[in-house]
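Chain by chain, the residues:
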Amino acid sequence: MKNVKIYALSTCIHCKHCKEYLDERGQPYECVYVDRLAGEERSETIASIKKVNPNLSFPTVMVGSTVIVGFDKEQLEKALED
Amino acid sequence: MDAKELYGKLKDFQEKKGYYFNRDQKMVMDLLEMLLVNKERYGHMACPCRLASGNFEMDRDIVCPCQYREADVAEYGTCFCGLYASKEWNDEKRPLRVVPERRPPEKVLAGLGLE
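Please read all numbers here as calculations on a predicted model, not as lab measurements.

Notes on the packing of aromatic side chains
The geometry of an aromatic ring pair comes down to the distance between the two centres and the angle between the two planes.
Residue and element names in this part refer to chain B.
Here is step 1 of the chain: One pass over the full model with this rule turns up three aromatic pairs over all chains.
Here is step 2 of the chain: Judged by centre distance (4.7 Å) and plane angle (25°), the ring pair of Tyr7 and Phe21 falls under stacked. Placement of Tyr7 in helix 1 (residues 3-16) and of Phe21 in strand 1 (residues 20-21) is noted, with a sequence separation of 14 residues between them. A single burial state applies to Tyr7 and to Phe21, both of which are buried.
Here is step 3 of the chain: Connected via pairs of aromatic rings, a cluster forms that spans Tyr7, Phe21 and Tyr84.
Here is step 4 of the chain: The lysine or arginine in question, Arg23, covers the ring of Trp89, its NZ or CZ lying 4.1 Å from the ring centre.
Here is step 5 of the chain: Directly above the ring of Tyr84 sits Arg69, whose terminal nitrogen or CZ lies 4.7 Å from the centroid.

Some thoughts on the pattern of salt bridges
Here is step 1 of the chain: Under the defined criterion, the tally for this structure stands at 15 salt bridges over all chains.
Here is step 2 of the chain: Salt-bridge contacts for Asp82 of chain A lead to Lys78 of chain A; the nearest nitrogen and oxygen are separated by 3.6 Å.
Here is step 3 of the chain: A single network of salt bridges, built from pairs that share partners, joins Lys16 and Glu20 of chain A together with Lys26 and Asp30 of chain B.

Here's the deal with the side chain of Glu101 of chain B
Here is step 1 of the chain: As for its position among the elements, Glu101 of chain B is in the loop between helix 5 (87-92) and helix 6 (105-111).
Here is step 2 of the chain: Given the relative accessible area of 12%, Glu101 of chain B is considered buried.
Here is step 3 of the chain: A distance of 2.8 Å separates the side chain of Glu101 of chain B from the side chain of Arg50 of chain B, its partner in a polar contact.
Here is step 4 of the chain: Within the local environment of Glu101 of chain B, its side chain forms a polar contact with the backbone nitrogen of Arg103 of chain B, the two atoms lying 3.0 Å apart.
Here is step 5 of the chain: Residue contacts for Glu101 of chain B: discarding those within four places in its chain leaves Asn55 and Ser57 of chain A together with Arg50 and Phe80 of chain B.

Here's the deal with the interface of chain B and chain A
Here is step 1 of the chain: Chain B puts 24 residues into the contact, and the matching count from chain A is 23 residues.
Here is step 2 of the chain: Area buried by chain B at its contact with chain A is led by Cys49, Leu51 and Val98 of chain B, which between them contribute 26% of it.
Here is step 3 of the chain: Summed over the shared surface of chain B and chain A, the result is two salt bridges.
Here is step 4 of the chain: The residue Asp30 of chain B makes a salt bridge to Lys16 of chain A at a minimum N-O spacing of 2.7 Å.
Here is step 5 of the chain: Where chain B touches chain A, the interface holds six residue pairs in polar contact (both at pLDDT 80 or more).
Here is step 6 of the chain: For the side of chain B that touches chain A, the secondary structure elements donating two or more residues are helix 2 (25-42) and helix 6 of chain B.
Here is step 7 of the chain: At nine residues, the largest contribution of residues to the side of chain B that touches chain A is made by helix 2 of chain B.

A closer look at helix 1 (residues 13-25) of chain A
Residue pairs three or four apart in sequence face the same way in an α-helix, which turns once every 3.6 residues.
Here is step 1 of the chain: Helix length check: helix 1 of chain A, at 13 residues, gives a terminal C-alpha distance of 18 Å against a target of 18 Å (1.5 Å per residue), a fit within 8%.
Here is step 2 of the chain: Regarding helix 1 of chain A, the residues found buried are Ile13, His14, Cys15, Cys18, Lys19, Tyr21 and Leu22 of chain A.
Here is step 3 of the chain: On its buried face, helix 1 of chain A is in contact with strand 1 (4-8), strand 2 (30-33), strand 3 (60-63) and helix 3 (73-81) of chain A together with helix 2 of chain B.
Here is step 4 of the chain: Looking one or two residues past helix 1 of chain A, Gly26 of chain A carries a phi angle of roughly 75°, positive in sign.

Some words on the packing of helix 1 of chain B against helix 2 of chain B
For any two helices packed against each other, the geometry is given by the interaxial angle and the distance between the axes.
Residues and elements named next belong to chain B.
Here is step 1 of the chain: Contact geometry for helix 1 and helix 2: axes closest at 9 Å, N-to-C directions at 100°. In terms of axis orientation, helix 1 runs roughly perpendicular to helix 2. Of the residues in helix 2, those touching helix 1 at Ala3, Lys4, Leu6, Tyr7 and Leu10 are Gln25, Val28, Met29, Leu32, Glu33, Leu35 and Leu36.

Focus on the sheet that holds strand 2 of chain A
Residues and elements named next belong to chain A.
Here is step 1 of the chain: One open sheet accounts for four strands, arranged 2-1-3-4; its pairing is mixed. Lying at the two open borders of the sheet, with one neighbouring strand each, are strand 2 and strand 4 (66-69). Going across the sheet, the axis of each strand differs from the next one's by a mean of 15°, ignoring polarity.
Here is step 2 of the chain: Each of strand 1, strand 2 and strand 3 is contacted by helix 1, which is oriented at about 160° to strand 1, the strand it contacts most.

Parameters and conventions
- Residues numbered from 1 in each chain as written.
- Chains lettered and ligands numbered in written order.
- Predicted model: local features only at pLDDT ≥ 70, side-chain atom pairs only at ≥ 80, totals over all residues.
- Heavy atoms only, no water.
- Phe/Tyr/Trp six-rings, centres within 6.5 Å; stacked < 30°, edge-to-face > 60°.
- Helix = DSSP H or I, 4+ residues; strand = E, 2+ residues; numbered from the N terminus.
- Buried < 20%, exposed > 50% of the residue type's maximum accessible area, 1.4 Å probe, protein only.
- Lys NZ or Arg CZ within 6 Å of the ring centre and 35° of its normal.
- Salt bridge = Lys/Arg side-chain N within 4 Å of Asp/Glu carboxyl O.
- Polar contact = N/O pair within 3.5 Å; in protein donor to acceptor, adjacent residues only side chain to side chain.
- Contact = heavy atoms within 4.5 Å.
- Buried area = accessible area lost by both parts, 1.4 Å probe.
- Expected span 1.5 Å × (residues − 1).
- Axes fitted to C-alpha atoms, helices over the stretch in contact; angles between N-to-C directions.
- Parallel < 35°, antiparallel > 145°, perpendicular 65-115°, else oblique.
- Pairing = 2+ DSSP bridges.

Without other data, these values stay purely geometric and don't point to any function.
So, in C-alpha cells, the structure goes:
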C-alpha cells in the first residue's frame with residue numbers, strides 16, 4: 001500500500017469526495033484538517049503544503065512523493081497504481 | 001437557518017443572474033450545510049473549500065458567491081467548490097472537473113498573518 005497523506009479542510013466537499021474514494025478503495029491515509037489547526041502547528045503545516053502546492057488549495061494529496069492537487073480521480077488512481 | 005432554507009433563499013435570485021445550483025443535489029446540500037458551518041464559526045459564509053481567516057475584510061473575496069465564480073463558471077462551467085454552474089454545464093451533463101484555484105495564495109497567507 002502506498003503512503004497517502006491528505007491536507008484537507010473539514011468543510012471541503014472535494015476533500016470529502018477524495019476521502020470517500022480512498023475509503024472505497026480500502027486505501028489507508030492520513031488526513032490533516034488544516035482549518036482545525038492553530039498557531040505554530042498551522043503555520044508549519046501551511047509551509048509544508050506551500051512547498052508542494054504553491055497555490056495552497058485543498059485537497060492537496062501526497063501519494064508517496066507524488067503531489068495531486070484537488071480531487072483528480074484519474075491522477076489519484078494512476079499514482080496509487082504506479 | 002438550515003441548508004434547505006438557504007437553498008430556497010438563493011435559488012431564484014442566483015438563477016436570475018445566470019448561476020444555477022450544480023445538478024448534483026446531494027453535493028449542493030452538503031455545500032450549503034458547510035457554508036452554514038462557516039457562517040457559525042467565522043460570522044460569514046466563506047467558501048467551504050478554501051482556508052478562511054475569519055476576518056471578513058481578508059476573506060471578502062471568498063465569501064460566497066466568491067469573486068472568482070464569474071470567471072470559473074465562464075471557463076470551466078462550475079465555480080471552484082462546485083456549488084454554482086452554468087445552465088449549459090448542467091444541461092450538457094459534462095463531468096465535474098477540478099477547477100484550478102484562481103485565488104492568489106498571498107491572500108490566504110495575508111489573512112492568516114503569514115508571509
